[in-house]
Amino acid sequence: MKHDLAKEPPSRELLEQLIDESHLEDFINKRSPAFKERNLDIAKLTKKKAIDLMMEEPNLIRRPLVLGKGKAVFGYQPDEYDSIASKK
């Protein structure tokens, strides 16, 4: 099922479950105009601040966001999608 993250972003609770603070760069879209406009430094972001920014500007979420049972993949990683689908 596909949906537009800009119109229907994931909940704060879901992002809190999925995002690993030690690897914020895996979850933030550094190519997003919003990232560039804000001149963000991922090394200085906390998980809470990153999620606050993502809730305010969903285009900061690395896409696609593919959810499977017990796992999520942020960004274009087609080899990972099959592993998520097979965990049903």
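Our subject is the structure that appears above.
Reference entry: report on the structure contained in this document. Every value quoted in this text rests on a predicted model; they were computed, and no experiment measured them. Here the residue numbering is sequential within each chain, running from 1 through the sequence in written order. Given that the model is predicted, a residue must reach a pLDDT of at least 70 before its local features are reported, and side-chain atom pairs must reach 80 or more before they are shown or counted; all residues, however, enter totals for whole chains, interfaces and linings. Note that the side-chain values use all heavy atoms of the structure and ignore hydrogens as well as water.

## Considerations on the pairing of strand β1 (residues 65–68)
No. 1: Between any two strands, pairing holds if DSSP finds at least two bridges. Each helix is a run of H or I in the DSSP string that is no shorter than four residues. Each strand is a run of E no shorter than two, and both are numbered from the N terminus. Strand direction decides the pairing type here: β1 and strand β2 (residues 71–74), joined by 4 bridges, are antiparallel. Bridge assignment links L65 to a residue of β2, and that residue is F74.
No. 2: Counting the residues in the hairpin turn of β1 and β2 gives 2 residues, including G70, whose phi is positive at 80°.

## Things to note about the pattern of salt bridges
No. 1: Counted as salt bridges are all cases of a side-chain nitrogen of Lys or Arg within 4 Å of a carboxyl oxygen of Asp or Glu. Taken as a whole and judged by the stated rule, the model has 4 salt bridges.
No. 2: For the salt bridge of R38 with E56, the shortest nitrogen-to-oxygen distance reads 2.9 Å. Taken together, the residues R38 in helix α2 (residues 33–38) and E56 in helix α3 (residues 47–56) connect sequence positions 18 residues apart.
No. 3: Close ionic contact of E80 with K71 constitutes a salt bridge, the shortest N to O distance being 2.9 Å.
No. 4: Partly exposed residues are those whose accessible area sits between 20% and 50% of the maximum for their type, while under 20% is buried and over 50% is exposed, using a 1.4 Å probe and protein chains only. On the basis of relative accessible area, E80 is assigned to the partly exposed category, the value being 29%.
No. 5: Judged by relative accessible area, which is 30%, K71 ranks as partly exposed.
No. 6: Three or more residues joined by partner-sharing salt bridges are found here, namely R12, K48 and D52.

## What to know about the nonpolar core
No. 1: In this structure, L15, I19, L24, I28, M54 and F74 are the most contacted members of the largest nonpolar core, which totals 18 residues.
No. 2: In terms of residue count, the dominant contributor to this core is α3 (4 residues).
No. 3: The criterion used for residue contact is that any of the two residues' heavy atoms lie within 4.5 Å. Discounting chain neighbours no more than four positions away, the residues touching F74 are L15, L18, I19, D26, F27, I61, R62, P64 and L65. By convention a nonpolar core is built from buried Ala, Val, Leu, Ile, Met, Phe, Trp, Tyr and Cys residues, the set being connected through side-chain atoms within 4.5 Å.

## Quick look at the environment of G70
No. 1: Within the fold, G70 resides in the loop between β1 and β2.
No. 2: For G70, a relative accessible area of 84% translates into the label exposed.
No. 3: Distance from G70 to D20, taken between C-alpha atoms, is 14 Å for residues 50 residues apart in sequence.

## Quick word on the layout of surface pockets
No. 1: Of the volumes computed, that of the second largest pocket is approximately 170 Å³.
No. 2: Along its surface, the second largest pocket is lined by E25, D26, I28, N29, K30, R31 and R62.
No. 3: Residues are grouped as follows: nonpolar covers Ala, Val, Leu, Ile, Met, Phe, Trp, Tyr, Cys and Pro; charged covers Asp, Glu, Lys and Arg; every other residue, Gly included, is treated as polar. Broken down by class, the residue content of the lining of the second largest pocket amounts to 1 nonpolar, 1 polar and 5 charged. Cavity: a set of points on a 1 Å grid over the protein atoms alone where a 1.4 Å probe fits but cannot get out. Pocket: an open set with protein on both sides within 12 Å along at least five of seven lines, its lining residues, like those of a cavity, having an atom within 4 Å of a point. Grid points are joined across faces, edges and corners, and a volume is the space filled by probe spheres set on the points.

## Focus on the environment of L53
No. 1: Tracing the chain through its elements places L53 in helix α3.
No. 2: The buried category is assigned to L53, whose relative accessible area is 5%.
No. 3: C-alpha separation for the pair L53 and F74, spaced 21 residues apart in sequence, amounts to 16 Å.
No. 4: Discounting chain neighbours no more than four positions away, the residues touching L53 are R38, L40, L45 and L60.

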